[in-house]
Amino acid sequence: MSRFGRAFLHDRNTFMTMAFLAFILAIPQAVRAWGREGHEIIVIVAEHYMRPGTAAAMRKLLAPESPEEASVWADEYRRDHRETGPWHYIDIPLADSRIALARECPNGDCVIAKTEQFLAVLKNPGVDNDAKTQALKFVIHFVGDLHQPLHVADNGDKGGNTRHVMFEGRPDNLHWVWDTGLLQHITRNPASLAAELESRITPRDQGEWQKGSSESWVMEGHRLAQTVAYGDLSNENPAPIPPTYEQQANAVIELQLEKLESGWRTCWTPI
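Every value quoted in this text rests on a predicted model; they were computed, and no experiment measured them.

Scoring rules and cut-offs
- Residues numbered from 1 in each chain as written.
- Predicted model: local features only at pLDDT ≥ 70, side-chain atom pairs only at ≥ 80, totals over all residues.
- Heavy atoms only, no water.
- Salt bridge = Lys/Arg side-chain N within 4 Å of Asp/Glu carboxyl O.
- Buried < 20%, exposed > 50% of the residue type's maximum accessible area, 1.4 Å probe, protein only.
- Phe/Tyr/Trp six-rings, centres within 6.5 Å; stacked < 30°, edge-to-face > 60°.
- Helix = DSSP H or I, 4+ residues; strand = E, 2+ residues; numbered from the N terminus.
- Lys NZ or Arg CZ within 6 Å of the ring centre and 35° of its normal.
- Axes fitted to C-alpha atoms, helices over the stretch in contact; angles between N-to-C directions.
- Parallel < 35°, antiparallel > 145°, perpendicular 65-115°, else oblique.
- Contact = heavy atoms within 4.5 Å.
- pLDDT = per-residue confidence, 0-100.

Asker: I'm lost on the pattern of salt bridges in this one. Help?
Answerer: Close approach of charged atoms lets side chains of opposite charge pair. Inspection of every chain in the model, using the stated rule, returns five salt bridges. Between arginine 78 and aspartate 75 there is a salt bridge, with the nearest N and O atoms lying 3.6 Å from each other. The same class applies to arginine 78 as to aspartate 75, namely buried. For glutamate 168, the salt bridge goes to arginine 170, with nearest N and O atoms at 3.1 Å. Take arginine 170: its relative accessible area is 46%, and that puts it in the partly exposed class. Salt bridges linked by common partners bring Asp96, Arg103 and Glu104 together as one network.

Asker: Teacher, can you tell me more about the packing of aromatic side chains here?
Answerer: Following the criterion strictly, the structure yields nine aromatic pairs and no others. Seen from their ring centres, tyrosine 77 and phenylalanine 138 are 5.8 Å apart, and the 90° between their planes marks the pair as edge-to-face. With tyrosine 77 in helix H5 (residues 73-77) and phenylalanine 138 in helix H8 (residues 129-145), this residue pair connects regions lying 61 residues apart in the sequence. Phenylalanine 138 sits in the buried class, given a relative accessible area of 1%. Members of the aromatic cluster, each reached through a chain of ring pairs, are Trp73, Tyr77, Trp87, Phe118, Phe138 and Phe142. The ring of tryptophan 87 is capped by lysine 114, whose NZ or CZ atom sits 4.2 Å from the centre of that ring.

Asker: I tried to follow the packing of helix H3 (residues 52-62) against H8 on my own but got confused; where do I start?
Answerer: A pair of packed helices is captured by two measures, namely the crossing angle of their axes and the spacing between those axes. Relative orientation of the contacting elements H3 and H8 amounts to 110°, with a least axis distance of 9 Å. When the axes of H3 and H8 are compared, the pair comes out roughly perpendicular. The segment H3 lies against H8, with Met58, Leu61 and Leu62 engaging Asn129, Lys132, Thr133, Leu136, Lys137 and Ile140.

Asker: What am I meant to see in the confidence of the model for the chain here?
Answerer: Fine structural detail should not be taken from predicted coordinates in areas where pLDDT scores are low. When pLDDT is averaged across the chain, the result is 79; 76% of the residues are at 70 or more. Averaged over each element, pLDDT in the chain is lowest for helix H1 (residues 14-26) (42) and highest for strand S3 (residues 239-240) (97). Counting interchain partners and residues more than four positions distant, the pLDDT-below-50 stretch residues 1-33 has 123 contacts. In this model, residues 262-271 is a region of pLDDT below 50 whose contacts with residues beyond four sequence positions or in other chains number 40 contacts.

Shown next, in the form of structure tokens:
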């Protein structure tokens, strides 16, 4: 399948590395990123590449939930805790080329700040296991959110939530199409897609994805929003989602998920 967009995908997620190293060190109705399928794919591959002791420790901390259930917990939690909605994204204006946290993350209510906050909880040996469990579930989910281009870009449309499109002959919004619609077209079986994506990751990919900084990684997703999510979209209202757009978008989505998987594979260390 196409490798479109690889030029944008050379930096590995620094937050992801911090998240899982922090987990190892620490153990003695709104927007949804990728939908359930995407978050489950991420955690399926993560556990596949963990050492047995690491996987057991993660499962112990998350029990009685499975890792797959835990990966979507933050979306379910926000239904009754609406104040957590802004924690899942950061609205960087589409035309911008850098992050302005003072403007885009007031009071620390954005996905970047909240990821750092919950990482600090995981690192704190004085925090009880209940707090660590909740922090781990937020971090697992937010790492996925940070890879969704429309969670790090805004074109005056709430990250695509108010951008009207026609998908499969029906009216919808651009954000839902990227979160769920396109991925469901690729597959409705997270395990099978996870296995397929794993098989494509090369040692060269892993080396390239280890480079960069957290800011360059976030702006990578922002560039994908500029060039593909919005850049390939027509000016019609509602804008159609034709096969050519879907092909380009699917390739970007798959590569973003591959990149997440490579980061999980390489950042874990033995307990």
